[in-house]
Amino acid sequence: MQLDVSIVIPVYNEEESLPELENEIAKAIGDIFSYEIIFVDDGSSDTSWAVIQALSKEKKHIYGVSFSHNYGKSMALQAGFERVSGRYVVTMDSDLQDDPNEIPEMIQLLKDGYDLVSGWKKERHDPISKTIPSKFFNFVTRKVAGIDLHDFNCGLKAYRAEVIENIYVYGELHRYIPMLAKKEGFTRITEKVVKHHPRKYGKTKFGLSRFMNGFLDLVTISFVQKYLQRPMHFFGTIGVLFILIGSGINLYIAYIKLVLGQGIGDRPLLFLGILLLVLGVQLFSTGLLGEMINKNNIETQKPRIREEV
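What you see is a predicted model; the values in this text were computed from it and never measured.

The rules behind these values
Residues numbered from 1 in each chain as written. Predicted model: local features only at pLDDT ≥ 70, side-chain atom pairs only at ≥ 80, totals over all residues. Heavy atoms only, no water. Helix = DSSP H or I, 4+ residues; strand = E, 2+ residues; numbered from the N terminus. Buried < 20%, exposed > 50% of the residue type's maximum accessible area, 1.4 Å probe, protein only. Arc of directions from axis to C-beta. Contact = heavy atoms within 4.5 Å. Pairing = 2+ DSSP bridges. Axes fitted to C-alpha atoms, helices over the stretch in contact; angles between N-to-C directions. Polar contact = N/O pair within 3.5 Å; in protein donor to acceptor, adjacent residues only side chain to side chain. Right-handed = clockwise from strand over helix to strand, strands pointing away. Expected span 1.5 Å × (residues − 1).

Considering unusual backbone geometry
No. 1: One non-glycine residue, Asn13, lies in positive phi territory at about 55°.
No. 2: With respect to the helices and strands, the residue Asn13 is situated in the loop between strand E1 (3-11) and helix H1 (17-29).
No. 3: Of note, Leu96 is a non-glycine position whose phi angle comes to about 70°, a positive value.
No. 4: As for its position among the elements, Leu96 is in the loop between strand E4 (86-91) and helix H4 (103-111).
No. 5: Residue classification places Leu96 among the buried residues on the basis of a relative accessible area of 10%.

Topic: helix H2 (residues 48-58)
Every α-helix carries 3.6 residues per turn, so stepping three or four residues along brings you back to the same face.
No. 1: Turning to H2, its buried residues number three or more, namely Ser48, Val51, Ile52 and Leu55. What you see down the axis of H2 is that its buried residues fit within an arc of 100°, all on one side.
No. 2: As for H2, its buried residues are in contact with E1, H1, strand E2 (35-41) and strand E3 (62-66).

Points about the sheet that holds strand E7 (residues 189-193)
No. 1: Pairing within the open sheet is mixed, and its seven strands lie in the order E3-E2-E1-E4-E6-E5-E7. Taken across any chain shown, the strands that pair with only one partner, and hence form the sheet edges, are E3 and E7. In this sheet, adjacent strand axes meet at a mean angle of 20° when their direction is disregarded.
No. 2: Here E4 pairs with strand E6 (residues 157-160) via four bridges, running antiparallel. Each bridged residue has a counterpart across the sheet, and for Val89 the counterpart in E6 is Tyr159.
No. 3: Docked against the sheet, H1 engages E1, E2 and E3, running at close to 160° with respect to E2.
No. 4: Packing of H2 onto the sheet brings it into contact with E1, E2 and E3, and relative to E3 it is tilted by some 150°.

With respect to the environment of Glu165
No. 1: Tracing the backbone shows Glu165 in helix H6 (residues 161-165).
No. 2: A sequence separation of 87 residues divides Glu165 from Gln78, and the C-alpha atoms of the two residues are 10.0 Å apart.

A word on the side chain of Thr91
No. 1: Among the structural elements, Thr91 can be located in strand E4.
No. 2: A relative accessible area of 3% places Thr91 in the buried class.
No. 3: Within the local environment of Thr91, its side chain forms a polar contact with the backbone oxygen of Gly155, the two atoms lying 3.0 Å apart.
No. 4: Not counting chain neighbours up to four residues away, the residues in contact with Thr91 comprise Val8, Leu77, Phe81, Gly155, Leu156, Lys157 and Tyr159.

Description of the side chain of Lys192
No. 1: Here Lys192 shows up in strand E7.
No. 2: Setting aside residues up to four positions removed in sequence, Lys192 forms contacts with Glu102, Glu105, Met106, Leu109, Val117, Ser118, Gly119 and Trp120.

Digging into the pairing of E1
No. 1: Most of E1 sits out of view: eight of its nine residues are buried.
No. 2: The pairing of E1 with E4 spans five bridges and is parallel. Its bridge partner lying in E4, Ile7 is registered against Val90.
No. 3: Sheet topology places E1 next to E2; seven bridges connect them, and they run parallel. When the sheet's bridge partners are listed, Val8 is paired in E2 with Ile38.
No. 4: A crossover links E1 with its parallel partner E2, the connecting element being H1, and its sense is right-handed.

A short note on H1
No. 1: An ideal rise of 1.5 Å per residue puts 18 Å on 13 residues; H1 measures up with 18 Å between its terminal C-alpha atoms.
No. 2: Within the sequence span of H1, burial applies to Ser17, Leu18, Leu21, Glu22, Ile25, Ala28 and Ile29. Along the long axis of H1, the arc covered by the buried residues comes to 130°, so they all point the same way.
No. 3: Among the structural elements, E1, E2, H2, E3 and H4 are those in contact with the buried residues of H1.

The quantities given are spatial measurements derived from coordinates; they are silent on function.
In structure tokens form, the structure reads like this:
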């Protein structure tokens, strides 16, 4: 019999939080759903893995995965996604700031027809050095993604199992799972205001470098989603534009030389025209190579079929 809910929890140096978190989850959903907890230890340097092992021996619904070193939250989530068996999947952080009591209502939204429910930490208990950059990050992501969510980075999310079966998370892409889901046709995305508790143990793993990496990944995923299967549309368009501008400049230079009889050797415009022609040919060739490389990948891709009658 299939489980109702699989809860995937990335762990990095949260040894004090884990027993309490497991207990809170049991109190929140133990009498409502059949469930499993998959703790993924992302190369912790404390005793987090030993705590997970002890919990797993004591309780059969707990599963543990341990990485050899720190790979990051995205890879931890992906490892958990590959091991879930529930019809619904919930992700949450291991620091006790996410509230397990929100899970039943999020699952109900999935039952009502949504593909993905994202938590919104409307009232946050984080330092201003974290909240202000987060608001700016979410604003930019919301505009780029075209998804009306206020908190893309909230760790508390719920999915139908079909969603995580059709996405692959790596790098820092855990922030953009709604974008990945939307690309695969899971457009029924909503959010729910959730409680956010102050950190009880340890210290935050947050760093400003996360936002720089996050924005670079946003550019990457936006580009890949739009041009992965048609690289010529991007590189070819810019290449042709440069070729046309360069050709126009060089024709003008030729007119000056051949018709007006003026010298052109010291004109910067000559070098600009040549540069644009060279760049245009290179970009056009890059697009052509991209199409050739992508041809085999496109031929082996299969569309995700929603339904057959």
